[in-house]
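Each chain, written out:
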Amino acid sequence: MSIIYLDWAATAPPDPETIEEYARVAAGTYGNPSSEHMAGRAARELLQSARARSARLLGARPEQVIFTSCGTESNNIVLLSLLLRKRTGSVIISGIEHPSVYEPARLLAEMGFTVRFVPAERNGIVSPERLIQAVDDATLLVALMYVNNETGAIQPVSEVAALLAETERRGGRPIHLHCDCVQALGKMPVDCGALGVDSASFSGHKLGAPRGCGLLYLKRPLAPLYRGGGQELDLRPGTENLPAICATALAIERHASLGAAGARARDSAAGLKRLLIERIRSIEEHRFIPEEVESVPDRYSPFILNVAFPPMPGEVLVRLLSDRGYAISTGSACSTRKQKHLRVLSAMGVDHDLAFSAIRISIGYTTSRADIEAFCAELARAVASLPAAARR
Ligand code: PLP
């Protein structure tokens, strides 16, 4: 059965060019970048080139970019580096963060830090003022993601950076601002320097690279949590996964253009999302989450749409559509199995029953109008056909 894949926020289908790059580097440049001989030198040159090319597209200097194994590791490195500091102080986290920020924050709380979770407004967007109000004299770190992985809500990161800079000036001490950019890269312009953050995380597989490579932007080096051979500024020691790193650099070049090509891709996604919304509007009982995706679409990523058909459980709809060849999801793929996927929608005031019915449809650079039309027709049939027994 052929698949119509609409779960790009979980992972992107492999881009054949990045897979080729992976295989080419794995077979041809197998030296360890730390080795002194010619095979090591060849690997080191590829590593430096991948870093320089990625940095240029992220608005960073090469020495500000380190390669990790995934977005989760990038987020953990930043948050858990606080464990090397004194165990007092406060950490401010938005309530809609991905588990890879939320869970290390909970660990920090267990280790003695004061952790405050600031909920989003009903439109899925965190108020910069509310976030800054949670900052106190002991605050060490604030984390706010750029694009929410469940609703696509674009967060006011540069506004928070500006307010935080003012707070820092008044308090006379630095406060680290971390931004999870995993769902932003390739979907909207991301310029780390211009964004005003101290650190940002990224993930290659969301852009069509094979698994195994994330990136971490660090304005200034952090105290290292891991110890080892000193690779990646000592922050992520371990022999570099060069094939995945080179494939990720290529994926960033192909899909994260800050210029005209990137703008065209975003316009095309915005057109597909409009079509999706238009078709779903004619299905009874639909509820967009949040409702504002219809009235202020520019505040949401064109690549993600969250909708519910209450009282139908989202999970039932996902399984039914999967049986018919369509891949979508309920909340974040990382948390569905843990049954924790209602946390993010609850943190923006969505009531439990509606959150329980939510599904996430996410598109990417190969999604076509025909895919959307076929999916919406099947979705309408699925919603209409579900027997009463399957409804709660
Ligand atoms: N942050 C966000 C917002 C995500 O959506 C994801 C993955 O779904 C991650 C972090 C984790 O990235 P990775 O799968 O590379 O660990």
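Thresholds, definitions, all that
Residues numbered from 1 in each chain as written. Predicted model: local features only at pLDDT ≥ 70, side-chain atom pairs only at ≥ 80, totals over all residues. Heavy atoms only, no water. Disulfide = S-S within 2.5 Å. Buried < 20%, exposed > 50% of the residue type's maximum accessible area, 1.4 Å probe, protein only. Pairing = 2+ DSSP bridges. Helix = DSSP H or I, 4+ residues; strand = E, 2+ residues; numbered from the N terminus. Contact = heavy atoms within 4.5 Å. Axes fitted to C-alpha atoms, helices over the stretch in contact; angles between N-to-C directions. Core = buried A, V, L, I, M, F, W, Y, C linked by side-chain atoms within 4.5 Å. Phe/Tyr/Trp six-rings, centres within 6.5 Å; stacked < 30°, edge-to-face > 60°. Lys NZ or Arg CZ within 6 Å of the ring centre and 35° of its normal.

Some remarks on the state of the cysteines
And step 1. All chains considered together, the criterion is met by 0 disulfides.
And step 2. Free cysteine: Cys-246, not disulfide-bonded; nearest cysteine sulfur from Cys-213 at 9.0 Å.
And step 3. Relative accessible area serves as the criterion here: at 1%, Cys-246 is assigned to the buried category.

Comments concerning the sheet that holds strand β10 (residues 304–308)
And step 1. Taking strand neighbours across the sheet as the criterion, the 3 strands line up as β9-β10-β12 in an open arrangement whose pairing is antiparallel. The outermost strands of the open sheet, each flanked by one partner alone, are β9 (287–288) and β12 (358–362).
And step 2. Alignment of β9 against β10, held across 2 bridges, turns out to be antiparallel. Looking at the pairing, Arg-287 lines up with Ala-308 of β10.
And step 3. On top of the sheet, helix α9 (residues 260–281) reaches β9, β10 and β12; it is set at about 10° to β10, its chief contact.

Quick notes on the sheet that holds strand β2 (residues 65–68)
And step 1. Ordered in space as β2-β8-β7-β6-β5-β3-β4, the 7 strands form an open sheet in which the pairing is mixed. Here the strands that pair on one side only, and so sit at the sheet edges, are β2 and β4 (114–118). Within the sheet, the average angular offset between the axes of one strand and its neighbour, ignoring direction, is 20°.
And step 2. Note that β2 and strand β8 (residues 214–218) share 4 bridges and pair antiparallel. Bridge pairing links Val-65 to Tyr-217 in β8.

Looking at the nonpolar core
And step 1. Within the largest apolar cluster, 66 residues are counted, with the highest numbers of intra-cluster contacts made by Tyr-146, Cys-181 and Phe-202.
And step 2. Beyond its immediate sequence surroundings of up to four residues, Phe-202 is in contact with Leu-58, Cys-70, Gly-71, Ser-74, Cys-181, Val-182, Leu-185, Val-190, Cys-192, Gly-214, Leu-215 and Tyr-217.
And step 3. Counting 35 residues, the second largest nonpolar core, distinct from the first, contains Ile-4, Ile-277, Phe-288 and Ile-361.

Describing the packing of aromatic side chains
The description of an aromatic ring pair uses the distance of the two centres, along with the angle that the planes make with each other.
And step 1. This structure, assessed with the given rule, holds 4 aromatic pairs.
And step 2. Relative to Tyr-365, the ring of Trp-8 lies with its centre 4.9 Å away and its plane at 75°, an arrangement referred to as edge-to-face. On the criterion of sequence distance, the pair formed by Trp-8 in the loop between β1 (4–5) and α1 (16–28) and Tyr-365 in the loop between β12 and α15 (369–385) is long-range, its members being 357 residues apart.
And step 3. Overall, Trp-8 belongs to the buried group, its relative accessible area being 4%.
And step 4. With 4.8 Å between their ring centres and 45° between their planes, Tyr-102 and Phe-117 make a pair best called tilted. Of this pair, Tyr-102 sits in helix α4 (residues 99–110) while Phe-117 sits in strand β4, and the two are 15 residues apart along the sequence.
And step 5. One Lys or Arg, Lys-187, reaches over the ring of Phe-303 and ends 5.6 Å from the middle of that ring.
And step 6. It is Arg-343 that lies over the ring of Tyr-102; its NZ or CZ is 3.7 Å from the centre.

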